[in-house]
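What follows is each chain in one-letter form.
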Amino acid sequence: LYLYDKKLVPRAALSLDMVGSPMLRMVSEIGADRVRLDTTGGLNLYGDAGRVYLSVKLGNEPSLDLIDKDGWTRASLALTGAPVMRFLDPRGDARLWMGAMGDGKAQIYLGARPERAQPGYVLPYATLEVAADGTMGLQFRRGGTIWKAP
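Let me begin by describing the structure that accompanies this report. (Residues numbered from 1 in each chain as written. Predicted model: local features only at pLDDT ≥ 70, side-chain atom pairs only at ≥ 80, totals over all residues. Heavy atoms only, no water.)

**So, the overall build of the protein**
For the protein, the helix and strand inventory stands at zero helices and 14 strands. For the protein, the N- to C-terminal ordering of α and β elements is β-β-β-β-β-β-β-β-β-β-β-β-β-β. Per-residue burial for the protein yields a buried fraction of 23% across its 150 residues. For the protein, the proportion of contacts with a sequence separation of at least 24, taken over those separated by at least 6, is 4%. With the model as given, the accessible surface of the protein reaches about 10100 Å², and the carbon-plus-sulfur share is 62%. (Helix = DSSP H or I, 4+ residues; strand = E, 2+ residues; numbered from the N terminus. Buried < 20%, exposed > 50% of the residue type's maximum accessible area, 1.4 Å probe, protein only. Contact = heavy atoms within 4.5 Å. Areas by Shrake-Rupley, 256 points an atom, 1.4 Å probe, with all protein chains shown as cover.)

**Description of the packing of aromatic side chains**
Ring pairs (aromatic) are described by centroid distance and by the angle formed between their planes. Counted under the stated rule, the structure contains two aromatic pairs. Ring geometry for Tyr2 and Tyr4: centres 6.4 Å apart, planes at 40 degrees, overall tilted. Both rings, one in Tyr109 and one in Tyr125, keep their centres 5.4 Å apart while their planes meet at 35 degrees; by these two values the pair is tilted. Taken together, the residues span a long stretch of sequence, with Tyr109 in strand 11 (residues 106-111) and Tyr125 in strand 12 (residues 125-130) at a distance of 16 residues. Seen from the ring of Tyr53, Arg51 lies directly overhead, with NZ or CZ sitting 5.7 Å from the centre. (Phe/Tyr/Trp six-rings, centres within 6.5 Å; stacked < 30°, edge-to-face > 60°. Lys NZ or Arg CZ within 6 Å of the ring centre and 35° of its normal.)

**Things to note about the pairing of strand 13 (residues 136-141)**
Walk down a regular strand and you will see the side chains alternate between the two sheet faces. Here strand 12 pairs with strand 13 via six bridges, running antiparallel. Residue pairing in the sheet places Glu129 in a bridge with Gly137 of strand 13. In textbook terms, the turn of a hairpin is the stretch between consecutive antiparallel strands, and for strand 12 and strand 13 this stretch comprises five residues, one of which, Gly134, has a positive phi near 95 degrees. (Pairing = 2+ DSSP bridges.)

**Let's talk about a nonpolar patch on the surface**
A surface patch of nonpolar side chains, amounting to about 340 Å² of accessible area, comprises Ile108, Leu110, Leu128 and Met136. With respect to the helices and strands, the residue Ile108 is situated in strand 11. A relative accessible area of 32% places Ile108 in the partly exposed class. (Patch = residues over 30% accessible without salt bridge, like charges linked within 9 Å, V, L, I, M, F, W, Y side chains within 5 Å. Salt bridge = Lys/Arg side-chain N within 4 Å of Asp/Glu carboxyl O.)

**Focus: the pattern of salt bridges**
Scanning the entire structure with this criterion turns up nine salt bridges. The residue Asp5 makes a salt bridge to Arg11 at a minimum N-O spacing of 3.4 Å. The residue Asp48 makes a salt bridge to Arg34 at a minimum N-O spacing of 3.1 Å. You can see Asp48 sitting in the loop between strand 5 (42-47) and strand 6 (50-57) and its partner Arg34 sitting in strand 4 (residues 33-38), a full 14 residues away along the chain. In this structure Asp48 comes out as exposed when scored by relative accessible area, which is 70%. Residue Arg34 is classed as partly exposed on the basis of its relative accessible area, which comes to 29%. Shared partners join several salt bridges into a network, and the residues in it are Arg25, Asp33 and Arg36.

Everything listed here is a matter of geometry and, on its own, says nothing about what the molecule does.
Structure, rendered in structure tokens:
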């Protein structure tokens, strides 16, 4: 089923994909994808600078991803038993991670950019966490704990 604009340009289509599942696609007046919804790929909203991807992944875990124009996921919000938000660099490496864990602990993780060319390289990172009872912890690591409190 196709919907056409006033110039008779196809702008929306409801169809079946290659395995017989329904798919909805909406395009701009020049034919660029703007919205795509299907049962296997979820919902994709396209813009000129990237896209938003809403899906249910793996073990039925809802996820919202922000993907740049080059196709790299740059931010992700997922419910993997507990809500987790990640920010990734242009190479796809997680640099900032925040989560509210099932045990009541909240954590923030800040990681350095991994140096892939150096075998045995230990990734420096810092974590801040707050336990359900209010106990706070801060840790800096680089090949071992540099500083930790408490």
